[in-house]
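These are the residues of each chain, in order.
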Amino acid sequence: MIFWDILSYAAWIISGLLLLWILADAISVSREFDEELLISSREGDDDVLEQIKKEEGIK
Amino acid sequence: MTTETTTAENPQRISMFKVLNPFHVWALGVGIVLVGEFMGWNFSVAKGGAYGALIACWVIGLLYSCVAMIDSEVTSTVAAAGGQYTQAKHIIGPLMAFNVGLYLVMAYTMLEAADALIVGDLMSAVAAATGYEGLSPQPFVVLTIAFLAWLNYRGVFMTLTVNFVITLFAFLAIIALFVGSDPLNPGNILRHSDLLTELPYGWIGVVASLQFGMWYYLGIEGTCQAAEEVRSAGRSIPLGTIGGILTLLVAASLTWYVATGLMPWQYLGQATTPLYDAASIIGNPSLQVVLFIGTMFAAIASANGCINDAARAWFSMGRDRYMPTWFGAIHPHYRTPFRAIIFLIPIAVSFAFTGLLDQVITFSILSGLLGYTFMSFNMMKFRKMWPLDVIKRGYIHPFHPIPALVLLGLCSAVYFATFLGYGASLLSIMAFYIVASVWFVMRRYQFVKRGDQFTMPWPRPRGY
């Protein structure tokens, strides 16, 4: 049935476009921003737990 | 969370957005798991019969209740991506952390591949039902992975909001099936009195069924990967995780009850889509459509959550230099671990293209099981090094150390069950992780900056 053939081709094409978009964006971001900034994240602590600590006077 | 201001002492930093709430956490955990209710759990029926599967459902439910409680307590203090990897890093040490990180990435990436395979196979089944035989599942496998990777790349809020909607639909589909089976009138549709038999292979069959009982719950521990992006992790992670395991216990029990009341154990034990088959037996076309969509949504939600979790585990390992730091990058606009997401796409597609669904799932289950075994030791050490009065927890699990000991005992039982059915797989997976550990110690550990990786504001552990 031609419907399923078309659907299969559409799935390949949409997949290709999505993956190309992701790759293009990743390359563009890597060029535009400093690498040190991109990998600068650190583990954070929890705001609510901090608030509880402050309320209870725990350092 | 946004980019922090730049000063000489405080260089500009970029971090993930804190935009999630307990419903997203629930959607992440239950979303990964719920596909196991639609297919897979029923292989436990083939091993232990209907009653054996019920025992597996509740015994493994106990295992995962311990996992959920332990995870909730530790994660409520470790508000960081990486989940159990980050816990292992802080509490046990680098080699354990490397292994746990690898378990997580492998478990989720394999499960993602299996979910995409299910979507592809469902499309092939629909094509066959409409008269088109031999439709290749591959384009739909790739489309599933590509679309979900794109969604994950674009931001965690939309990713997990979509997961919430489709997971809720899938859960309601199970409820609709239960209601549609007329449970208040036993014997009308449900025929437990005719179909339930004694244990066909005795108690050894029950033990063997434990491995497949994992399908009811595998992945609920993934909730803690959201810790760095959730508002108030100390409260949201326990709420979402405990809510998730309760949802799954209800869904698993309903699933068993309906399916075993409609199908003899000999058929149920080898069915591909038991809940859809149950809807077909009831004979309600609307229910069939709902269950088909529910199955599809459950598989998509699972793949979506797996991409989210695998990427965060890989990203965290990159951030700590357990893997190249290049993977520890965050997208400056979408605030997602974009390189980790991209890196895992071809790996997931490769696993999916093997078509070996049972082997892929077995690898995923065993990787998960290794992670749960670690959690029991982790919990004992966590309470010893940082007792309750030293670190403020968002949640404290009851009856310590009983849950940790029960978890260890049940993990041992599941290892034995897996050895009975998949001994070669178990040994080859162990060998894989041993080789990976040797590589880490010999080649990679030299790049890890031990001091830099401990950024949690915890006091010095007791005894150090």
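Residues numbered from 1 in each chain as written. Chains lettered and ligands numbered in written order. Predicted model: local features only at pLDDT ≥ 70, side-chain atom pairs only at ≥ 80, totals over all residues. Heavy atoms only, no water.

### A closer look at the nonpolar core
Soluble, globular proteins show a tendency: their nonpolar side chains are buried together. Residue and element names in this part refer to chain B. Filter applied, for reference: What we call a nonpolar core is a set of buried Ala, Val, Leu, Ile, Met, Phe, Trp, Tyr and Cys residues that are connected through their side-chain atoms within 4.5 Å. For every residue, the accessible area obtained with a 1.4 Å probe (protein chains only) is divided by the maximum for its type, and the residue is called buried under 20%, exposed over 50%, and partly exposed between those limits. Note on conventions: DSSP H or I runs of at least 4 residues are helices, E runs of at least 2 residues are strands, and numbering of each starts at the N terminus. Here, two residues are considered to be in contact whenever any of their heavy atoms come within 4.5 Å of each other.
Counting 171 residues, the largest nonpolar core has Leu63, Tyr64 and Tyr372 as its most contacted members. Here this core takes 20 residues from helix H5 (residues 94-129), the largest share from any one element. Not counting the four nearest positions on each side in its chain, Tyr64 is found in contact with Met214, Tyr217, Leu218, Gly219, Ile220, Glu221, Ile245 and Tyr372.

### Some thoughts on the interface of chain A and chain B
Test applied: The term buried area refers to how much accessible surface (probe radius 1.4 Å) is lost by two components on association, counted for both of them together. Within this document, salt bridges are pairs made up of a side-chain nitrogen of Lys or Arg and a carboxyl oxygen of Asp or Glu, the two lying within 4 Å of each other. Here a polar contact means two N or O atoms within 3.5 Å. Within protein one must be a hydrogen donor candidate and the other an acceptor candidate, and residues neighboring in sequence count only if both atoms are side-chain atoms.
The interface of chain A with chain B comprises 37 residues on the first partner and 58 residues on the second. Between chain A and chain B, a total of about 4,100 Å² is buried, with carbon and sulfur atoms accounting for 65% of that surface. Across the chain A-chain B interface, the total number found is 1 salt bridge. In this structure, B:Arg339 and A:Glu35 form a salt bridge, with 2.7 Å as the shortest nitrogen-oxygen distance. Taken together, the connections running from chain A to chain B amount to 13 residue pairs in polar contact (both at pLDDT 80 or more).

### Focus on the packing of helix H12 (residues 274-282) of chain B against helix H13 (residues 285-319) of chain B
Residues and elements named next belong to chain B. As a reminder, the rule being used: What counts as an axis is a line fitted to C-alpha atoms, over the stretch in contact for a helix, and the angles between N-to-C directions run from 0 to 180 degrees. For this classification, under 35 degrees means roughly parallel, over 145 means roughly antiparallel, 65 to 115 means roughly perpendicular, and everything else is oblique. When residue character is reported, Ala, Val, Leu, Ile, Met, Phe, Trp, Tyr, Cys and Pro are called nonpolar, Asp, Glu, Lys and Arg charged, and the others, Gly included, polar.
For the pair H12 and H13, the least separation of the axes is 8 Å and the interaxial angle reads 175 degrees. By the angle between their axes, H12 is roughly antiparallel relative to H13. From H12, Leu275, Tyr276, Ala279, Ser280 and Ile282 reach across to H13, where they touch Leu287, Gln288, Leu291 and Phe292. Partitioned by chemical class, the residues of the contact of H12 with H13 number 7 nonpolar, 2 polar and no charged.

### Thoughts on helix H1 (residues 2-32) of chain A
For clarity, the threshold we go by: In this analysis, the expected span of each helix is defined as 1.5 Å times one less than the number of residues it contains.
Between its first and last C-alpha atoms H1(A) spans 44 Å; for 31 residues at 1.5 Å apiece the expected length is 45 Å, and the two agree. For H1(A), the complete set of buried residues consists of A:Trp4, A:Ser8, A:Ala11, A:Ser15, A:Leu18, A:Ile22, A:Asp25, A:Ala26 and A:Val29. Of the surrounding secondary structure, the elements contacted by the buried residues of H1(A) are helix H2 (35-38) of chain A together with H5, helix H6 (138-154) and helix H14 (338-354) of chain B.

### Things to note about a nonpolar patch on the surface
Residue and element names in this part refer to chain B. Spelled out, the test is: Residues forming no salt bridge and having over 30% relative accessible area are the ones grouped into patches, like charges within 9 Å of each other and nonpolar side chains (Val, Leu, Ile, Met, Phe, Trp, Tyr) within 5 Å. Here the accessible surface of atoms and residues is derived via Shrake-Rupley with a 1.4 Å probe, and residues count as covered only by protein chains that are part of the display.
A contiguous nonpolar surface patch, about 550 Å² in accessible area, is contributed by Leu95, Met430, Ile434, Val438, Val441 and Met442. A total of 5 residues in the nonpolar patch trace back to one element, the largest contributor, which is helix H16 (residues 402-444). For Ile434, the location among the structural elements is in helix H16. With relative accessibility at 55%, the residue Ile434 sits in the exposed group.

### Comments concerning the packing of aromatic side chains
Put simply, the rule reads: In this scheme Phe, Tyr and Trp rings, the latter by its six-membered ring, pair at centre separations within 6.5 Å, and the angle between planes marks the pair as stacked below 30 degrees, edge-to-face above 60, and tilted otherwise.
This structure, assessed with the given rule, holds 35 aromatic pairs over all chains. Here the aromatic rings of A:Phe3 and A:Trp4 are separated by 5.2 Å at their centres, their planes lie at 75 degrees, and the arrangement is edge-to-face. When its relative accessible area of 5% is taken as the criterion, A:Trp4 is described as buried. Among the aromatic residues, ring-to-ring pairing joins B:Tyr85, B:Phe98, B:Tyr322, B:Trp439, B:Phe440 and B:Tyr445 into one connected group.

### As for the confidence of the model for chain B
Residue and element names in this part refer to chain B. Stated precisely, the cut-off is as follows: Within a predicted model, pLDDT stands for the predictor's per-residue confidence, ranging from 0 to 100.
With 98% of its residues at a pLDDT of 70 or more, chain B shows a mean pLDDT of 92. Within chain B, helix H7 (residues 156-180) carries the highest mean pLDDT (98), whereas helix H15 (residues 357-385) carries the lowest (89). Predicted complex metrics record ipTM = 0.89 and pTM = 0.92.

### Quick word on the environment of B:Trp458
All names here are of chain B. Relative to the helices and strands, Trp458 is located in the segment after H16. On the basis of relative accessible area, Trp458 is assigned to the buried category, the value being 16%. Remark: the alpha-carbon pair of Trp458 and Trp386, spanning 72 residues in sequence, is separated by 8.8 Å. Looking at Trp458, its side chain comes within polar contact range of the main-chain oxygen of Thr77, at 3.4 Å.

### Some points on H14(B)
All names here are of chain B. Put simply, the rule is: The term bend refers to the angle at a residue between two fitted axes, each drawn through seven residues, those ending there and those starting there.
Taking 1.5 Å per residue, 17 residues should reach 24 Å; H14 reaches 26 Å between its end C-alpha atoms and fits that length. At Ile345, H14 is bent by approximately 25 degrees, the largest bend along its length, and proline Pro346 sits one to four residues beyond. All of the buried residues in H14 are Phe338, Arg339, Ala340, Ile341, Ile342, Leu344, Ile345, Ala348, Val349 and Ala352. At the exit of H14 stands Gly355, carrying a positive phi of roughly 75 degrees.

### Focus: the packing of H6(B) against H13(B)
Residue and element names in this part refer to chain B. To be explicit about the condition: Here is the rule for handedness: rotate from the far helix to the near one, and if that takes an anticlockwise turn smaller than a right angle the crossing is left-handed, while a clockwise turn gives right-handed.
Remark: H6 packs on H13, axes separated minimally by 9 Å, with the N-to-C direction vectors making an angle of 50 degrees. Between H6 and H13, the angle falls in the class oblique. Crossing of H6 over H13 shows right-handed handedness. On H13, the residues touching Ile145, Leu148, Ala149, Leu151 and Asn152 of H6 are Ile300, Ala303, Asn304, Ile307 and Asn308. In the contact of H6 with H13, the residues fall into 7 nonpolar, 3 polar and no charged.

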